[in-house]
Amino acid sequence: IFIFDGTKMWKLTELLPWAERMASHDVSFAAESAFCWDARRQGFWVGGNQCFFIDFRNKAVYDSTYNPHRWPILKTKWVTAIALDKDANLWYSTSAGFSLHFSKPDVASDTSYLYLDNVRSTDGANYLFVDSQNRLWISTWMYAAYMKEPGKPIRKLFYSQDDAFS
């Protein structure tokens, strides 16, 4: 992982030597969709086969073995996508159990969604996005799309890749 501070590109371990604990973990699985900046907590959420939080405010790296805040995501394996809503709550998906999670890290709560539009999920999300109206958009590995509006259930979005503007 590299960090650009506005003038120079740094290896994460040059800025935070204790981030070396991440070196033995393959974070390429997290790639784009499970790597998320958290402005409120001043750090990066990193998914993958092992989750991490890189805390720049406190110059620390948290994972399942060092989790002083007891954040549920750090105990979760195979996180494939992460997004933050406007209240800095986490949405994340995992291939272990094929579930979608809503977590309020500051109170260590975690709600698991095993069903998307009343159908048991059979794959994880490959991308999560929260828009300006705080709606969660969900794309799955099986090319299905869903949306969750605040206070409403998750609903499937019907479209055809062959139809323009569907």
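Look up: the structure comes first, before these words.
Definitions and cut-offs
- Residues numbered from 1 in each chain as written.
- Predicted model: local features only at pLDDT ≥ 70, side-chain atom pairs only at ≥ 80, totals over all residues.
- Heavy atoms only, no water.
- Helix = DSSP H or I, 4+ residues; strand = E, 2+ residues; numbered from the N terminus.
- Rg over C-alpha atoms; globule rule 2.2 N^0.38 Å.
- Buried < 20%, exposed > 50% of the residue type's maximum accessible area, 1.4 Å probe, protein only.
- Contact = heavy atoms within 4.5 Å.
- Areas by Shrake-Rupley, 256 points an atom, 1.4 Å probe, with all protein chains shown as cover.
- Lys, Arg positive; Asp, Glu negative; His and termini not counted.
- Charge placed at Lys NZ, Arg CZ, Asp CG, Glu CD.
- 1 Å grid on protein atoms, 1.4 Å probe; cavity = no way out; pocket = protein on both sides within 12 Å on 5 of 7 lines; lining within 4 Å.
- Points joined across faces, edges and corners; volume = space filled by probe spheres on them.
- Nonpolar A, V, L, I, M, F, W, Y, C, P; charged D, E, K, R; others polar.
- Phe/Tyr/Trp six-rings, centres within 6.5 Å; stacked < 30°, edge-to-face > 60°.
- Lys NZ or Arg CZ within 6 Å of the ring centre and 35° of its normal.
- Polar contact = N/O pair within 3.5 Å; in protein donor to acceptor, adjacent residues only side chain to side chain.
- Pairing = 2+ DSSP bridges.
- Axes fitted to C-alpha atoms, helices over the stretch in contact; angles between N-to-C directions.

Enquirer: Would you mind going over the overall build of the protein in detail, with residue names and values included?
Expert: If you tally the helices and strands in the protein, you get one helix and 16 strands. Relative to the globule expectation of 15 Å for 166 residues, the C-alpha radius of gyration of the protein, 16 Å, shows essentially globular dimensions. In terms of overall dimensions, the protein has C-alpha extents of about 50 × 35 × 30 Å along its principal axes. Across the 166 residues in the protein, those meeting the buried criterion constitute 43%. Across the protein, every contact between residues at least 6 apart in sequence was considered, and the portion connecting residues at least 24 apart equals 36%. Accessible surface, the protein: about 9500 Å² in total, of which carbon and sulfur atoms supply 55%. Taking the 18 positively charged and 18 negatively charged side chains of the protein as two groups, their mean positions are separated by 7 Å.

Enquirer: Give me the lowdown on empty space enclosed by the protein, citing residues and values where you can.
Expert: The gaps of empty space that remain are located by a probe, the size of a water molecule, rolled over the atoms. Applying the stated rule across the entire model yields one cavity of 30 Å³ or more. Contributing to the lining of the largest cavity are Ser93, Phe98, Ser99, Leu100, Tyr113, Leu116, Ser121, Asp123, Gly124, Ala125, Ile138 and Thr140. Of all elements in the fold, only β9 (99–104) and β14 (136–140) reach the threshold of two or more residues within the lining of the largest cavity. For the lining of the largest cavity, the residue count by class is six nonpolar, five polar and one charged.

Enquirer: Which residues make up the packing of aromatic side chains, and what are the values?
Expert: Evaluated as defined, the whole model comprises 12 aromatic pairs. Each ring, one from Trp37 and one from Phe44, has its centre 5.0 Å from the other, and the planes form 65°; the classification is edge-to-face. Using a relative accessible area of 39% as the deciding quantity, one classes Trp37 as partly exposed. For Phe44, a relative accessible area of 17% puts it in the buried group. Their ring planes at 50° and their centres at 4.8 Å tell us that Trp91 and Phe102 sit as a pair that is tilted. Pair noted here: Trp91 is in strand β8 (residues 90–94) and Phe102 is in strand β9, with a separation of 11 residues, a long-range link. Accessibility classification places Trp91 together with Phe102 in one group, the buried group. Stacked on the ring of Trp10, the Lys or Arg Lys8 has its end atom at 4.0 Å from the ring centre.

Enquirer: Can you explain the environment of Ala39? Please cite residues and give values.
Expert: Tracing the backbone through its elements, the reader meets Ala39 in the loop between β3 (35–38) and β4 (43–46). In this structure Ala39 comes out as partly exposed when scored by relative accessible area, which is 47%.

Enquirer: Any chance you could break down the side chain of Arg41 for me, citing the residues and the numbers?
Expert: With respect to the helices and strands, the residue Arg41 is situated in the loop between β3 and β4. Engagement of the side chain of Arg41 in a polar contact is seen with the side chain of Asp38, the distance being 2.4 Å. Only 3.3 Å separates the side chain of Arg41 from the side chain of Asp106, close enough to count as a polar contact. Apart from the residues lying within four places of it in its own chain, the contact partners of Arg41 are Phe53, Asp55, Arg57, Trp71, Leu84, Ala88, Pro105 and Asp106.

Enquirer: If you had to explain the sheet that holds β3 to someone new, which residues and values would you point to?
Expert: Read across the sheet, four strands follow the order β3-β4-β5-β6 without closing on themselves; strand pairing throughout is antiparallel. If you trace the sheet from one side to the other, it starts and ends with β3 and β6 (60–62), each paired once. The mean inter-strand angle of the sheet, taken between neighbouring strand axes irrespective of direction, is 20°. The pairing of β3 with β4 spans four bridges and is classified as antiparallel.

Nothing here speaks to function; it is all geometry.
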